[in-house]
Amino acid sequence: MSTSAKLHHKLLTIGICVASAWSISALAQNDAGAQKVENASSQTCTNPKPGSLKLADMVVGFSQSENEQNPFRATETNSVRAAAKAAGVKRLLYTNANDNQAKQVADIESMINQGAQALIVAPNDSTGLQPAFAKARAKGIPVVTIDRATAGTVCDDFITFLGSDFYKQGERAAQALADATGGKAVIAEIQGGYGNNVESERTDGFAAGLKKYPGMKLAAAQTANWSTTEAQKVMEQILLAHPDVNAVYAHADTMAIGAITALRQAGKLKGVTIVSIDGTKDIVQDIVDGTAAADVETNPRFGPLAFKSLEDWFAGKPVPQKQIMEDALYNKANAKKSLADGAVY
């Protein structure tokens, strides 16, 4: 082998090694943020008429509920798209209801009319999708619901629900706030949009968690509809009515960001302890910087498990009716490492 050929071979080998190392690193980062099922129900749904149909032969529809300016929704959609590609599905149909329940029903029906053979749905509300589910059921189309539970008959309207234990999230947020304040605080609770189980369970779980701490007083609770802008306005109003507030519990990081802006503008940020739910990069970085105390994760990377559930359904394997994710708690002890590891979205 000539000197130039040897050099070329060496450079090629180095390049392959570097590329392989990069791929392994990227995979490790993806694994760090991957969902893990904490609890799967013993009750299952099984396809009564399994066949030879594979995901690679199928058209699958995904109905997103909200604007993807929200990091949770953007990550959720990216996860479904990536999992569809990994599964080799023939075609992925995508719609976004933009927080409009009637549009989501129309979106799902449109995807059915376009030939969807399976559906993944992120419900906008806790009810209202029954007309779309009925149309899917009539055509034998399985539906996987993710993130928010919605009304319907399991195994008929949908084969499984994938999501977090929102009540437990509220309890964990209360505990994190108590730990950060020594069990004494005057709290403002900024709630999500009314009409879905996420808001109600995070509210109830937090209230239950506070019962152990008589020194933790809830001064105000008001919805900001998952909006950063609304949360800022709500926080401003609460500060005027309750200037003694020294702790904030936000149902979502988008609203925590709005609350932080209001507190900063009021010159009160340093005197207020903030706990939120979601686990986005902005708030976890705020934990590192000392602006927030803790963040309960809600992992939106549903894609792989959604497609695995569909694959099992079509193969005639039992699918758990409910699959609850294991969510991390980010605080000062692990926030910096979690950001570096790629666990945070």
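Everything here concerns the structure above.
Residues numbered from 1 in each chain as written. Predicted model: local features only at pLDDT ≥ 70, side-chain atom pairs only at ≥ 80, totals over all residues. Heavy atoms only, no water.

Visitor: How should the overall build of the protein chain be read in this particular structure?
Guide: Summing up its helical and strand segments, the protein chain has eleven helices and 15 strands in all. Along the longest, intermediate and shortest principal axes, the C-alpha atoms of the protein chain span 70 × 70 × 35 Å. Taking all 345 residues of the protein chain together, the buried fraction comes to 48%. Counted over contacts in the protein chain with a minimum sequence separation of 6, partners at least 24 positions apart contribute 76%. By element, 54% of the accessible surface of the protein chain is carried by carbon and sulfur atoms, the whole surface being about 15600 Å². Taking the average place of the 34 positive charges on the side chains of the protein chain and the average place of its 35 negative ones, the gap between the two points comes to 6 Å. (Helix = DSSP H or I, 4+ residues; strand = E, 2+ residues; numbered from the N terminus. Buried < 20%, exposed > 50% of the residue type's maximum accessible area, 1.4 Å probe, protein only. Contact = heavy atoms within 4.5 Å. Areas by Shrake-Rupley, 256 points an atom, 1.4 Å probe, with all protein chains shown as cover. Lys, Arg positive; Asp, Glu negative; His and termini not counted. Charge placed at Lys NZ, Arg CZ, Asp CG, Glu CD.)

Visitor: How should I be thinking about the sheet that holds strand β10 (residues 247–250) in this particular structure?
Guide: Pairing between the strands of a sheet comes from backbone hydrogen bonds, and it takes one of two forms, parallel or antiparallel. Strand order in this open sheet of six strands is β9-β8-β10-β11-β12-β15, and the pairing throughout is mixed. The open sheet is flanked by β9 (216–223) and β15 (329–331), the only strands paired with a single partner. Ignoring which end each strand starts from, the neighbouring axes of this sheet average 15 degrees apart. Of the pairings in the sheet, the one linking β10 to strand β11 (residues 273–278) comprises three bridges and is parallel in character. (Pairing = 2+ DSSP bridges. Axes fitted to C-alpha atoms, helices over the stretch in contact; angles between N-to-C directions.)

Visitor: Can you walk me through the sheet that holds strand β6 (residues 143–146) in this structure?
Guide: Strands sit in the order β1-β14-β7-β6-β5-β3-β4 across an open sheet of seven strands; the sheet is mixed. The sheet is open, and its two borders are formed by β1 (37–40) and β4 (91–96), each paired with just one other strand. Strand-to-strand twist of the sheet, defined as the mean angle between neighbouring strand axes without regard to direction, takes the value 15 degrees. Relative to β4, strand β3 (residues 59–64) runs parallel, the two sharing six bridges. When the bridges of β4 are listed, glycine 61 appears paired with leucine 93. Lying on the sheet, helix α10 (residues 303–314) is in contact with β1, β3, β4, β5 (118–121), β6, β7 (160–163) and β14 (322–325); it crosses β5 at an angle near 150 degrees.

Visitor: How should the pattern of salt bridges be read in this particular structure?
Guide: A side chain with one charge may pair with a side chain of the opposite charge, provided their charged atoms come close. Under the definition given, this model contains ten salt bridges. Where arginine 137 meets aspartate 157, a salt bridge forms, and the shortest distance between an N and an O atom there is 2.3 Å. On the criterion of sequence distance, the pair formed by arginine 137 in helix α4 (residues 130–138) and aspartate 157 in the loop between β6 and β7 is long-range, its members being 20 residues apart. Overall, the relative accessible area of 8% leaves aspartate 157 in the buried class. One connected set of salt bridges, linked through shared partners, spans Glu66, Arg73, Glu76, Asp147 and Arg148. (Salt bridge = Lys/Arg side-chain N within 4 Å of Asp/Glu carboxyl O.)

Visitor: Sorry if this is basic, but what is going on with the state of the cysteines here?
Guide: Cysteine pairs can be linked by a disulfide, which is a covalent bond between their two sulfur atoms. Enumeration over the complete set of coordinates arrives at one disulfide. In this model, cysteine 45 is linked to cysteine 155 through a disulfide, with the two sulfur atoms separated by 1.9 Å. Residues cysteine 45 and cysteine 155 share a disulfide whose torsion about the S-S bond is about -90 degrees; that sign makes it left-handed. Taken as a pair, cysteine 45 in strand β2 (residues 44–45) and cysteine 155 in the loop between β6 and β7 lie far apart in primary sequence, 110 residues in all. (Disulfide = S-S within 2.5 Å.)

Visitor: Looking at this structure, how should I read helix α2 (residues 71–87)?
Guide: Three- or four-residue spacings in an α-helix give side chains the same orientation, since the helix completes a turn every 3.6 residues. For α2, spanning 17 residues, the distance from its first C-alpha to its last is 24 Å, which sits close to the expected 24 Å at 1.5 Å a residue. If you check which residues of α2 are buried, you get Phe72, Arg73, Thr75, Glu76, Thr77, Ser79, Val80, Ala83 and Ala84. Put simply, asparagine 70 is the residue that caps the front of α2, since its side-chain oxygen is 2.8 Å from the backbone nitrogen of phenylalanine 72. Phi turns positive, to about 75 degrees, at glycine 88, one or two residues after α2. (Expected span 1.5 Å × (residues − 1). Polar contact = N/O pair within 3.5 Å; in protein donor to acceptor, adjacent residues only side chain to side chain.)

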